[in-house]
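# Report on the structure
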Amino acid sequence: MRRWGVLIPHAPTPPPPAPLLPLPGWPARRAVQTGRGSGSEGKAAMFQALLPARCLLRRCRPPCCPPPCPAPRRGLRAEGPAAGRLPVGRRAAVAAAVAGAAGAAWLYLREEKARRRRARRRAELQALALGQGDFRLLDQAGRPRRKADFRGQWVLLYFGFTHCPDVCPEELEKLSRAVALLEREPGLPPVQPLFITVDPERDDVAAVGRYVRDFHPRLLGLTGSPEEVRAAGGAYRVYASPGPKDEDGDYIVDHTVLIYLLGPDGLFLDYYGRGKTADQIAHSVRRHMETYEPLLD
């Protein structure tokens, strides 16, 4: 093409526009172009018509194609049910440590409970104050004996009388066997067996001497005047009451049937009734020796 003497080349013909694909919101665009729709529907259609096509394409991603998950970064722990779990060896060590701590706490509580029980029993014995008094009696050889002579020794003491038909011999035999059992164990302090009569009218020195020969060889028998014997029994709250006399002048004395354990301080520590065996008495005395604490300062 020549214009004003200048040759002007023809401009290339532009390609025809590609056909538009149907996009979401197409009816809304048509509604805006055609003027249809009113109110909130018209405003929503106008807003969608003004959005760029790429925004509409991002919102209309097919549900079958979820966005790709980001790759896990190094150095971070995996999330899920296995996250936060310790290795098996470490878990076993933690469980063993917890079990050991629980066992140590249980042992401590048990020892503390036993210590409190001993302290409570000590206070009860101090309140009873059995055996704090002194006595002056005679042994089977006629020698004077005082309670202070047995200080520093363990004593198994029984109150009875020589004319007792069965109970006193049985209890003294049991006492003698308990002492013999304790003598067999090396390292234990000796235990002094002791018998005090509750019938001073018939149990003189000679009668007591004949009676104690049938039991343990170290058994001491003590007697005295009625007042002295009553004072000795009263220190341990021993009950004794003579019964009526028969035609021959014989009688039975009703009395306390107990074996008393005295500690080295001379005070009452424990007692054993008729239901206790010699083995049980020996075991109890041994336990008292192991846990002994003087009641008097």
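Since the model is a prediction, treat every value here as computed from it, not as a measurement. (Residues numbered from 1 in each chain as written. Predicted model: local features only at pLDDT ≥ 70, side-chain atom pairs only at ≥ 80, totals over all residues. Heavy atoms only, no water.)

Now for the packing of aromatic side chains. Remark: the centre distance and the inter-plane angle together describe each pair of aromatic rings, the angle taken between the planes. For the coordinates displayed, the defined rule picks out eight aromatic pairs. Plain terms: the ring middles of Trp154 and Tyr292 are 5.2 Å apart, the flat faces sit at 70 degrees to each other, and that makes the pair edge-to-face. Here Trp154 is found in strand S5 (residues 154–160), whereas its partner Tyr292 is found in the segment after helix H8 (278–290), with 138 residues between them in sequence. The exposure class of Tyr292 is partly exposed, given its relative accessible area of 24%. (Phe/Tyr/Trp six-rings, centres within 6.5 Å; stacked < 30°, edge-to-face > 60°. Helix = DSSP H or I, 4+ residues; strand = E, 2+ residues; numbered from the N terminus. Buried < 20%, exposed > 50% of the residue type's maximum accessible area, 1.4 Å probe, protein only.)

A few words now on the environment of Asp279. Looking at the element boundaries, Asp279 is found in helix H8. Between the C-alpha atom of Asp279 and that of Lys174, which follows or precedes it by 105 residues, the distance is 9.1 Å.

One open sheet holds the five strands; their spatial order is S7-S6-S5-S10-S11, and the pairing between them is mixed. Of all strands in the sheet, those bounded by a partner on one side alone are strand S7 (220–222) and strand S11 (268–272). Averaged over all adjacent pairs, the angle separating strand axes in this sheet is 25 degrees, with direction ignored. Pairing of strand S10 (residues 259–262) with S11 involves four bridges; the strand directions are antiparallel. Residue Ile259 lies in a different strand from S11, and its bridge partner there is Tyr272. In the packing of H8 onto the sheet, the strands contacted are S5, strand S6 (191–197), S10 and S11, and the crossing angle to S11 comes to about 165 degrees. (Pairing = 2+ DSSP bridges. Axes fitted to C-alpha atoms, helices over the stretch in contact; angles between N-to-C directions. Contact = heavy atoms within 4.5 Å.)

Okay, the pairing of S11 next. For S11, the buried fraction is high: four of the five residues fall into the buried class. Hairpin connection of S10 to S11: five residues between the antiparallel strands, including Gly266 at a positive phi of 85 degrees.

Turning our attention to the side chain of Asp203. Along the chain, Asp203 falls in the loop between S6 and helix H6 (205–212). Although Asp203 is buried, it makes no salt bridge; Arg202 carries the closest opposite charge, 5.7 Å away. If we skip the residues at most four places from it in the chain, Asp203 touches Phe161, Thr162, His163, Thr197, Val208 and Thr223. (Lys, Arg positive; Asp, Glu negative; His and termini not counted. Salt bridge = Lys/Arg side-chain N within 4 Å of Asp/Glu carboxyl O.)

Turning next to the pattern of salt bridges. Per the stated rule, a full pass over the model turns up eleven salt bridges. For the salt bridge of Glu112 with Arg116, the shortest nitrogen-to-oxygen distance reads 3.3 Å. Here Glu112 pairs with Arg116, and both are found in helix H4 (residues 88–128), just four residues apart, close to one helical turn. Overall, the relative accessible area of 53% leaves Arg116 in the exposed class. Residue Glu171 is joined to Lys174 by a salt bridge in which the shortest nitrogen-to-oxygen separation is 3.2 Å. Residue Glu171 and its partner Lys174 are located together in helix H5 (residues 167–183), separated by three residues, close to a single helical turn.

Time to look at unusual backbone geometry. Of note, the phi angle at Arg237 is positive, near 55 degrees, even though the residue is not glycine. Relative to the elements of secondary structure, Arg237 occurs in the loop between helix H7 (226–234) and strand S8 (240–242).

A few words on the nonpolar core. Within the largest apolar cluster, 49 residues are counted, with the highest numbers of intra-cluster contacts made by Leu156, Leu157, Tyr158, Phe159, Val191, Tyr260 and Val285. When residues of this core are assigned to their parent elements, the largest contribution, seven residues, is made by H5. Contacts of Leu156, omitting those with residues within four sequence positions, involve Leu175, Val179, Val191, Gln192, Pro193, Leu194, Ile259, Tyr260, Leu261, Tyr272, Ile281 and Val285. (Core = buried A, V, L, I, M, F, W, Y, C linked by side-chain atoms within 4.5 Å.)

With that settled, the discussion passes to the packing of H5 against H8. Contact geometry of H5 with H8 gives a least axis separation of 8 Å together with a crossing angle of 50 degrees. Classified by the interaxial angle, the pair formed by H5 and H8 is oblique. In the crossing of H5 with H8, the sense of the turn from one axis to the other is right-handed. The residues of H8 that touch H5, namely those facing Lys174, Arg177, Ala178, Leu181 and Leu182, are Ala278, Asp279, Ile281, Ala282, Val285 and Arg286. (Parallel < 35°, antiparallel > 145°, perpendicular 65-115°, else oblique. Left-handed = near helix turned anticlockwise from the far one by under 90°.)

This part takes up empty space enclosed by the protein. One pass over the structure, following the stated rule, counts one cavity of 30 Å³ or more. If you add up the space inside the largest cavity, you get close to 60 Å³. In terms of lining residues, the largest cavity is bounded by Phe135, Lys147, Phe150, Val155, Leu194, Tyr236, Leu262, Gly263 and Gly266. Taken together, the residues of the lining of the largest cavity sort by class into six nonpolar, two polar and one charged. (1 Å grid on protein atoms, 1.4 Å probe; cavity = no way out; pocket = protein on both sides within 12 Å on 5 of 7 lines; lining within 4 Å. Points joined across faces, edges and corners; volume = space filled by probe spheres on them. Nonpolar A, V, L, I, M, F, W, Y, C, P; charged D, E, K, R; others polar.)

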